[in-house]
Amino acid sequence: MKKLQSEELKKIRDLIQLKSGISIKEKKFEIIHRKKIEKLISEEGYSDFKTFYHDIVYNRKPELIQKLYNIVTINETYFFRENEHFRILTEKILPEINSIRPKGETINILSAPCSTGEEVYSILIQLLEENRLIKERDFMLLGIDIDSQVIKEAKKGVYTESSMRNTPEKIKSRYFKNAGNLYHIDKKLKDSVSFENVNVLDRYKMKKLGKFDVIFSRNMLIYFEENVRKEVIANFYSMLKSDGYLILSHVERIPESIQLFKKIKIGNSIIYKKNS
Ligand SMILES: C[S@@+](CC[C@H](N)C(=O)[O-])C[C@H]1O[C@@H](n2cnc3c(N)ncnc32)[C@H](O)[C@@H]1O
């Protein structure tokens, strides 16, 4: 397979943006992803761009677009990233939700996107450390991501030092087994959470996930254009139960024009409560 032309790369870039929301500047896309995409095309046995492209557009080989997603996603994450959110979860959000939900109803928490799972496990560890809520309620913790490779890693639950950079020693020794320079999350924790490969723009699959009390969506919307951000936020709104909360990262905000949520400032964080 010969070198891809700039227009061909642009076609792939545009297709990825359309289907995933991930928006990457043309030049940057060429510099960072050209080699990997050319390698993918030849490894998949294509001798020309057109057939490869058509197989994706007409969905003849669904695994191709998945492989492209896995190439372009940025999966940076670590345990207890933006730590204040986890404290707010157990000090404010969950006690409030616990007091209004019928007895016996499970509290559902979604991490969209979860990358390699650190965010989901951080939520669970926070609940275990707080210890009171988890005795009173059942919790369902689900992480989703468009990248199928990170979902596999999340299910494995094995982490490097870099993922642990914000994790106190006592938490490391309580919930991880240290082998060499890797940290294996306790099997009991692994068995208490779920992970699924889902694109947040796939409305059908998103709806099938059900309704949630809290949605964490941190450090994904920054990669989307404004119109896609609005679409995803509106979809999160419809997936939240009444009085549910949406938590974005510190660098993300809900545009003022969207009046679906009440903005609440706690410490250095802004969290969003669903307007009923
Ligand atoms: C930087 S990570 C953030 C992970 C974690 N929430 C955190 O804040 O540490 C961004 C993740 O968003 C995922 N992502 C990007 N577009 C997505 C989409 N359309 N649907 C689901 N996940 C997506 C990427 O695969 C990547 O793993």
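Keep in mind that this is a model prediction, so the values were computed, not measured.

Tell me what's going on with the domain arrangement of the chain, and back it up with residues and numbers.
Examined at the domain level, the chain breaks down into domain 1 (6-72) and domain 2 (84-274). Once you take the C-alpha centre of each, domain 1 and domain 2 turn out to be 30 Å apart. Facing 10 residues of domain 1, the contacting portion of domain 2 comprises 11 residues. Here domain 1 and domain 2 share an interface that buries about 810 Å² over both sides, 48% of which is from carbon and sulfur atoms. On the domain 1 side of the contact with domain 2, Gly21, Gln66 and Asn70 bury the most area, a combined 42% of that side's loss. Counting across the domain 1 and domain 2 interface gives zero salt bridges. Taken together, the connections running from domain 1 to domain 2 amount to six residue pairs in polar contact (both at pLDDT 80 or more). Elements with a minimum of two residues in the side of domain 1 that touches domain 2: helix 1 (6-20) and helix 4 (62-72). Element by element, the count of residues in the side of domain 1 that touches domain 2 is highest for helix 1, at four residues. Here the side of domain 1 that touches domain 2 is built from residues that sort into three nonpolar, six polar and one charged.

Quick notes on the rules
Think of each chain on its own: its residues are numbered from 1, step by step along the sequence as written. Per-residue local features of the predicted model are confined to residues with pLDDT of at least 70, and side-chain atom pairs are confined, for both listing and counting, to 80 or more; whole-chain, interface and lining totals are unaffected and use all residues. Excluding hydrogens and water, the side-chain figures rest on all heavy atoms present in the structure. Domain delimitation follows an automatic or database domain assignment. When checking whether two residues touch, look at their non-hydrogen atoms; a contact exists if any pair is within 4.5 Å. The quantity reported as buried area is the accessible area (1.4 Å probe) lost by two parts once they are put together, taken as the sum for both. Salt bridge, as used here: a side-chain nitrogen of Lys or Arg that lies within 4 Å of a carboxyl oxygen of Asp or Glu. Two N or O atoms form a polar contact when they lie within 3.5 Å of each other; inside protein one atom must be a possible hydrogen donor and the other a possible acceptor, and for residues adjacent in sequence the pair counts only when both atoms belong to side chains. In this text, helices come from DSSP runs of H or I with a minimum length of four residues, and strands from runs of E with a minimum of two, each type numbered from the N-terminal end. Classification used: nonpolar for Ala, Val, Leu, Ile, Met, Phe, Trp, Tyr, Cys and Pro, charged for Asp, Glu, Lys and Arg, polar for all others including Gly.

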